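Listed below, chain by chain, are the residues.
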Amino acid sequence: MMKKSISASKASLVLFLCQMIFALDVPLDSKLLEELSQPPTITQQSPKDYIVDPRENIVIQCEAKGKPPPSFSWTRNGTHFDIDKDAQVTMKPNSGTLVINIMNGGKAEAYEGVYQCTARNERGAAISNNIVIRPSRSPLWTKEKLEPNQVREGDSLVLHCRPPVGLPPPIIFWMDNAFQRLPQSERVSQGLNGDLYFSNVQPEDTREDYICYARFNHTQTIQQKQPISVKVFSMKPVTERQPILLTPTGSTSTKVELRGNVLLLECIAAGLPTPVIRWIKEGGELPANRTFFENFKKTLKIIDVSEADSGNYKCIARNILGSAHHVISVTVKAAPYWITAPRNLVLSPGEDGTLICRANGNPKPNISWLANGVPIAIAPEDPSRKVDGDTIIFSHVQERSSAVYQCNASNEYGYLLANAFVNVLAEPPRILTPANKLYQVIADSPALLDCAYFGSPKPEIEWFKGVKGSILRGDEYVFHDNGTLEIPVAQKDSTGTYTCVARNELGKIQNEVRLEVKDPTMIIKQPEYKVIQRYGQVSFECIIKHDFTLLPTVIWLKDNDELPDDERFLVGKDNLTIMNVTDKDDGTYTCIVNTTLDSVSASAVLTVVAAPPTPAIIYAQPNPPFDLELTGQLERSVELSWIPGDENNSPITNFVIEYEDGLHEPGVWHYQTEVPGTQTTVQLKLSPYVNYSFRVIAVNEIGRSQPSEPSEQYLTKSANPDENPSNVQGIGSEPDNLVITWESLKGFQSNGPGLQYKVSWRQKDVDDEWTSVIVANVSKYIVSGTPTFVPYEIKVQALNDLGYAPEPSEVIGHSGEDLPMVAPGNVQVHVINSTLAKVHWDPVPLKTVRGHLQGYKVYYWKVQSLSRRSRRHVEKKILTFRGNKTFGMLPGLEPFSSYKLNVRVVNGKGEGPASPDKVFKTPEGVPSSPSFLKITNPTLDSLTLEWGSPTHPNGVLTSYILKFQPINNTHELGPLVEIRIPANESSLILKNLNYSTRYKFYFNAQTSVGSGSQITEEAVTIMDEVQPLYPRIRNVTTAAAETYANISWEYEGPDHANFYVEYGVAGSKEDWKKEIVNGSRSFFVLKGLTPGTAYKVRVGAEGLSGFRSSEDVFETGPAMASRQVDIATQGWFIGLMCAVALLILILLIVCFIRRNKGGKYPVKEKEDAHADPEIQPMKEDDGTFGEYSDAEDHKPLKKGSRTPSDRTVKKEDSDDSLVDYGEGVNGQFNEDGSFIGQYSGKKEKEPAEGNESSEAPSPVNAMNSFV
């Protein structure tokens, strides 16, 4: 492969010359451009600072054009770069573009450096910019230990990002663990350096997943910092603070920005309330239309900055307590920018010219010149060239003076490099305008005759009229610099031949063109204003006169738009006619006449007025036509004519022709055709062997006339049938036959007597001969003894006494179907949820279907509910899936049930055999509502609730939820109380209720999936109609703080009772402490209590035979507005949990005993079992049960950690682990109904955390999960 290439093309040369400013103008003539020599010009190059992807090939662009095509070379880091010595580097053909192969083993870092391209031909050398190649970098975050940030509410906080230094720098953003952007506001925002600033922290800022992300766009990678934890603690009251600046620090700072860039200034302040930021420019205004505020006004953004934007910018942070400010001194510098860039120069030998290179910047840039890529000081001398600072002056140039010059303008902030060539050409004159070109103009208009030319030195142009005429001069002509001759006012006598002559010192050339002056187009009869009555007719004239050699076109417009698409508008040669004028035709009508050289128009207005009233007209349907006549009788056609009847003031729109076949269907008239109302004769097509009679019916807008009298009869001759029967089909009715059916021809379609049908058939794809029979007066034929469901080719041909119809087309039919032979295989069921499953199967081979595959049927039925052992007959359900589908959804399943299904293929005959029954089970769902809720035995302060279990438990019931609330006399609801009841309970006595109070109860059951629908009931406690014989104290309540408790109660009995309060530490055997209540108050404050201690309390009355209230228990702690009872400290709850734990332990022991005996245990047997295992008491130190030991293998049931949040445990190494018997935490039944999995975990691995045990859960953990 050639690594050095040249580039040249005609198209690029055209673009090149478009951009040049010449001393000579070079016309863009393709033939001329191919012949002109010119130095190289760089047309495309890579950017100066070129950051590349280290994973992809590096492409350094360098494209150039010139004549002859240039060659290319490269330097790297200032020295020649020999690409032939590096196998990884190639140069594109006909181009200077380098391709460095990184993807096949090269390393991008090895090719870092400064590259420059040179394009050279015999007329000079152009150079590219210095292209700095650097591979992009996206380094990883450095490891660091991040301490949690503990911040007091209201304080400021800065979370540092400190991203790794990449090339180019990364884009920074903050997100959480869920990859959601952290919300930002005036209080919380990200700074320009990527840090996250909090002006003041709030409790909602507490989180552990403040994560800084760095996105490196060049390599499309994102790096993540370790999450930062922030914990905000509250200390009341929160102190408000006046603003202080978090960034920038101090009172002043400086900022340098380059001209044309975007200036970004930032101020972020701390304070409470959150400060508001305001920006001003000292001694001036912020520039309008270029100033923007971002990041909640914390960032000032000024685009396209210039030196005038230098100055002091002040940011002021303010809240209600004060303000803070910072002044940023901005200085705008400037990299070099062009004032006048050097432009290409084309000169003739001996001419003078200049190249000017002027640039500005801050600081002022230095200007240096190069010639053909070499500093001009050491370039070959040229006596015609003189350098004067930013200008090169050329005097009396020669062809050897052609070269490419480079101007370099540079300062400390950058550089500009521009190529401009000097091209010295010596060319004889050329005329580029085609010879004998014809120009046509209208008389009294200007005429422009072209004479495009080129030559070097620039030729002189002269014009002559005629071949031997004198040179043209005078005011009647205008001579343009580009050679064009202008005749300002052309007359008819200006017509003729004109000669253009171009000459310079190298030669002379001439060219002839012709001019024709045409007569103008005129409208000699213009349209006129018209007033017309509604429903009348109007016409506009537009008569024109034009040059006979020009072809005019006439266009009519209405209101400067196209005419309506309406047949009432008739456009003639010289006029426009509007029929049956309506109000919407009112408007302006314009006639436009166009030729290839000119255009004229004229307009007129049409006004539509109402027509005078006319007598009422009676409209009716037309009278029937009469005098029907048949003429021109032929074998297949006849001409029918008639005379129309009276139209009765409504024009006849059409005539309907009907016929009667007296031979086959006498007395029955058929539609033949219809014709427009203006037509009274029609040529009718006829069929053979038909005895025709015709009649005609007239139609207008009112309706149809009566039929005319019939015409004379005309009997056509017989002929072969023209067509064959339609709708031919072949469908078997039995497995061994083929039933061929067709639609018989109508009587007139027979075309003659003796109509019969030739029925032919043969088996498809078998080399058989056609079998045929001829039948008559039937439309069906049965072929017996066929194979089952094979394709047949079938055709039915009509024939009569005169011969056969044309050869019929063949159709494909099938012999009879039989039941499918095989069942679908590989039936699989995927249970999606508790009521939906998806079934898959493999399709059966088509050969075994033995018929048209119609689909598959899925039979499925419920075997039993897994929550009950009883089985009941359930009707099978059927779902049909059309076509060759291999899966389907089974909706409407019952949760926690065992199902069976099978699949059968279906064809037109019926169903095939069933696949083997597939058993699947649905998971638990939520239960239905309890079957009933009864409330009995109402007393003064209690009610008894009884209920029935749900009709459809849909799983294993875990508990019942009872909620109730009182209802007052205005039907307002009181506070709602919720109680959780074990699943094995069926009744409950509610105590401590208010007497004579209505309560509303809400009751529902729960499984492990969730709560089912609820049942509601209302009941009333009875009214105490008789005064109690003895006083009583009830509803003792406590409100406890750290060292005191407020005791209150309700008293029923004689007045002026003296109360006392007794209390003591709960569970202690110490004597009760007694406090006397002053007066008859119903409350008392106990003081001097120990914080965090459970106390028992009761209230009594002096002198009432020791009458006391029931005991209440409370625990000191933070003060509460009302009594909050912790269910875990209630005696009944502790007792219930102990009973449940004991029951679980008994079940585990029975499970191990039955398993070691090799048997399974049904739930019924488990409930009836009375095993007496050894149960160790609960340990005092951690509250767990002691280990249980099996007498046979002495394998302990080890104490384990609480079941993880996803309710899974790791499998024990022991083969006796209960995990082996379970199906997961849901608890499944085995096929015999035994309950095995309710105490075991899923057999899944889980990442170990800390010292967590991987053993099966202990009974206590099972109890905790239950609770």
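## Concerning the overall build of the protein chain
A tally of helices and strands in the protein chain yields 6 helices and 94 strands. Each of the 1267 residues in the protein chain was classed as buried or not, and the buried ones make up 42%. Residue pairs at least 24 apart in sequence account for 65% of intrachain contacts in the protein chain once pairs closer than 6 positions are excluded. Accessible surface for the protein chain amounts to roughly 67700 Å². Of this, 50% is attributable to carbon and sulfur atoms.

## Remarks on the environment of Lys780
Mapped onto the elements, Lys780 comes out in strand S68 (residues 780–784). Through-space distance from the C-alpha of Lys780 to that of Val759 is 9.4 Å; in sequence the pair is 21 residues apart. Aside from chain neighbours lying at most four places away, what touches Lys780 is Val739, Ile740, Thr741 and Trp742.

## Structural notes on the state of the cysteines
If you walk through the whole model with that rule in mind, you get 6 disulfides. The side chain of Cys62 participates in a disulfide bridge whose partner is Cys117; the two sulfur atoms lie 2.0 Å from each other. Its S-S torsion of about -70° marks the bond between Cys62 and Cys117 as left-handed, since a negative value means left-handed. Of the two residues, Cys62 sits in strand S4 (residues 62–67) while Cys117 sits in strand S9 (residues 113–121), which places them 55 residues apart along the sequence.

## Focus on the pattern of salt bridges
Applying the stated rule across the entire model yields 39 salt bridges. We note a salt bridge from Lys225 to Glu144, for which the minimum N-O separation is 2.3 Å. With a gap of 81 residues between them, Lys225 in the loop between strand S18 (221–224) and strand S19 (228–233) and Glu144 in the loop between strand S11 (131–135) and strand S12 (149–152) connect regions that are remote in the sequence. Judged by its relative accessible area of 28%, Glu144 falls in the partly exposed class.

## Digging into the sheet that holds strand S78 (residues 918–921)
Read from one edge of the open sheet, 4 strands run S75-S74-S77-S78, paired in antiparallel fashion. Of all strands in the sheet, those bounded by a partner on one side alone are strand S75 (877–882) and S78. Averaged over neighbouring strand pairs, the angle between their axes works out to 30° when direction is ignored. Direction of pairing for strand S77 (residues 897–906) relative to S78: antiparallel, over a ladder of 4 bridges. Residue pairing in the sheet places Tyr899 in a bridge with Phe920 of S78.

## Examining the environment of Val424
Tracing the chain through its elements places Val424 in strand S37 (residues 414–424). Classification of Val424 by relative accessible area gives buried; the value is 0%. The spatial distance from the C-alpha of Val424 to the C-alpha of Gly350 is 9.2 Å, given a sequence separation of 74 residues. In contact with Val424, other than residues within four places in its own chain, are Arg123, Leu347, Ser348, Pro349, Val397, Gln398, Glu399, Ser401 and Ser402.

## What to know about the packing of aromatic side chains
With the rule as written, the count across this model stands at 23 aromatic pairs. Measuring from centroid to centroid gives 5.7 Å for Trp742 and Tyr757, while their planes differ by 55°, and the two rings are tilted. Of this pair, Trp742 sits in strand S65 (residues 737–743) while Tyr757 sits in strand S66 (residues 756–763), and the two are 15 residues apart along the sequence. There is no split in this pair, since Trp742 and Tyr757 are both buried. An aromatic cluster is built from Phe173, Phe179 and Tyr213, whose rings are joined through pairwise contacts. Just above the ring of Phe540 sits the side chain of Lys530; from NZ or CZ to the centre is 5.4 Å. In this structure, Arg1098 is placed above the aromatic ring of Trp1072, and the distance from its NZ or CZ to the ring centre is 3.9 Å.

## Points about the sheet that holds strand S83 (residues 987–990)
Taken together, 3 strands build an open sheet; the order of strands is S79-S80-S83 and the sheet is antiparallel. Whereas interior strands pair on both sides, the edge strands pair on one side only; in this sheet they are strand S79 (930–936) and S83. Recorded for the sheet is a direction-independent mean angle of 20° between the axes of neighbouring strands. One ladder, built from 6 bridges, connects S79 with strand S80 (residues 943–950); its direction is antiparallel. Across the sheet, Ile935 pairs through a bridge with Leu945, a residue of S80.

## Observations concerning the nonpolar core
Nonpolar side chains tend to gather and get buried jointly when the protein is soluble and globular. Counting residues in each nonpolar core, the largest one holds 32 residues, and the members touching the most others are Ile58, Ile60, Trp74, Leu98, Ile100, Tyr115 and Ile133. Broken down by secondary-structure element, the contributors of at least two residues to this core are strand S2 (49–52), strand S3 (58–60), S4, strand S5 (71–76), strand S7 (89–91), strand S8 (98–100), S9 and S11. It is S9 that provides the largest number of residues to this core, a total of 3 residues. Contacts of Tyr115, omitting those with residues within four sequence positions, involve Ile60, Trp74, Thr75, Arg76, Phe81, Ile100, Asn129, Asn130, Ile131 and Ile133.

## A word on the side chain of Arg695
Tracing the backbone through its elements, the reader meets Arg695 in strand S62 (residues 691–700). For Arg695, the side chain forms a polar contact with the side chain of Glu658, separated by 2.8 Å. Those residues in contact with Arg695 that sit more than four places away from it in its chain are Leu628, Val656, Ile657, Glu658, Trp669, Pro707 and Ser708.

## Focus on the pairing of strand S10 (residues 124–127)
Neither face of S10 is left uncovered, since the one carrying Gly124 and Ala126 and the one carrying Ala125 and Ile127 both have all their residues buried. Where S9 and S10 come together, 4 bridges link them in antiparallel fashion. Its bridge partner being in S10, Thr118 is matched across the sheet by Ile127. With antiparallel pairing between neighbouring strands as the criterion, S9 and S10 make up a hairpin whose turn holds 2 residues.

## What to know about the pairing of strand S92 (residues 1112–1115)
A regular strand carries its side chains on alternate faces of the sheet. Alternating positions in S92 separate cleanly, Asp1112 and Phe1114 being buried on one face and Val1113 and Glu1115 remaining unburied on the opposite face. Bridge count between strand S91 (residues 1094–1101) and S92: 4 bridges; the pairing is antiparallel. Looking at the pairing, Tyr1095 lines up with Phe1114 of S92.

## Digging into unusual backbone geometry
Omega for the bond connecting Asn362 with Pro363 falls within 30 degrees of zero, at 5°, which places this linkage in the cis form. By the secondary structure assignment, Pro363 is in the loop between strand S31 (358–362) and strand S32 (366–371). A cis geometry characterises the amide bond from Ser456 onward to Pro457, with omega recorded as 5°. Of note, Pro457 is situated in the loop between strand S41 (453–456) and strand S42 (460–465). With a phi close to 55°, Asn826 is a non-glycine residue in the positive phi region. Considering the arrangement of structural elements, one finds Asn826 in strand S72 (residues 825–833). Look at Asn826 and you get partly exposed, because its relative accessible area is 47%.

## Focus: a nonpolar patch on the surface
A surface patch of nonpolar side chains, amounting to about 340 Å² of accessible area, comprises Tyr529, Val531, Val605 and Val609. Here Val609 is to be found in strand S56 (residues 599–609). A residue is classified by how much of its surface remains accessible, and Val609, at 33% relative accessible area, is partly exposed.

## Digging into the confidence of the model for the protein chain
If pLDDT is low for a region, its predicted coordinates should not be looked at in detail. Confidence in the prediction of the protein chain, expressed as mean pLDDT, is 83, and 85% of residues score 70 or more. A low-confidence stretch, residues 1–22 (pLDDT under 50), is modelled with 64 contacts involving residues beyond four sequence positions or located in other chains. Note that residues 1158–1267 has pLDDT below 50 and, in this model, 169 contacts with residues that lie over four places away or in other chains.

Rules behind the numbers
Per chain, residues are indexed from 1 in the order of the written sequence. This being a predicted model, a pLDDT of at least 70 is required before a residue's local features are given, and a value of 80 or more before pairs of side-chain atoms are given or counted; all residues contribute to the totals for chains, interfaces and linings. Only hydrogens and water are removed before side-chain values are computed, so all heavy atoms of the structure are retained for them. To qualify as a helix, a DSSP run of H or I must reach at least 4 residues; to qualify as a strand, a run of E must reach at least 2; elements of each kind are numbered from the N terminus. Only protein chains enter the area calculation, which uses a 1.4 Å probe; residues under 20% of their type maximum are buried, those over 50% are exposed, and those in between are partly exposed. By definition, residues are in contact when any of their heavy atoms lie within 4.5 Å. Residue burial considers only the protein chains on display, and all accessible areas are found by Shrake-Rupley using a 1.4 Å probe. Only a pair of cysteine sulfur atoms within 2.5 Å qualifies as a disulfide here. Salt bridge, as applied in this entry: a Lys or Arg side-chain nitrogen positioned within 4 Å of an Asp or Glu carboxyl oxygen. By this definition, two strands are paired if DSSP reports at least two bridges between them. Each axis is a line fitted through C-alpha atoms, and for a helix only the stretch in contact is used; angles between axes span 0 to 180 degrees, taken between their N-to-C directions. Think of it this way: a Phe, Tyr or Trp ring, Trp meaning its six-membered ring, pairs with another when their centres are within 6.5 Å, and the plane angle makes it stacked under 30 degrees, edge-to-face over 60, tilted otherwise. Each ring is checked for a lysine NZ or an arginine CZ that lies within 6 Å of its centre and within 35 degrees of its normal; such an atom marks a charge sitting over the ring. Residue types Ala, Val, Leu, Ile, Met, Phe, Trp, Tyr and Cys, when buried and joined through side-chain atoms within 4.5 Å, form a set referred to as a nonpolar core. Think of a polar contact as two N or O atoms within 3.5 Å of one another; within protein, one of them needs to be a possible hydrogen donor and the other a possible acceptor, and neighboring residues in sequence only count if both atoms come from side chains. Patch membership requires more than 30% relative accessible area and the absence of a salt bridge. Residues of like charge join within 9 Å; the nonpolar side chains Val, Leu, Ile, Met, Phe, Trp and Tyr join within 5 Å. Confidence scores here are pLDDT values: one per residue, from the predictor, ranging 0 to 100.

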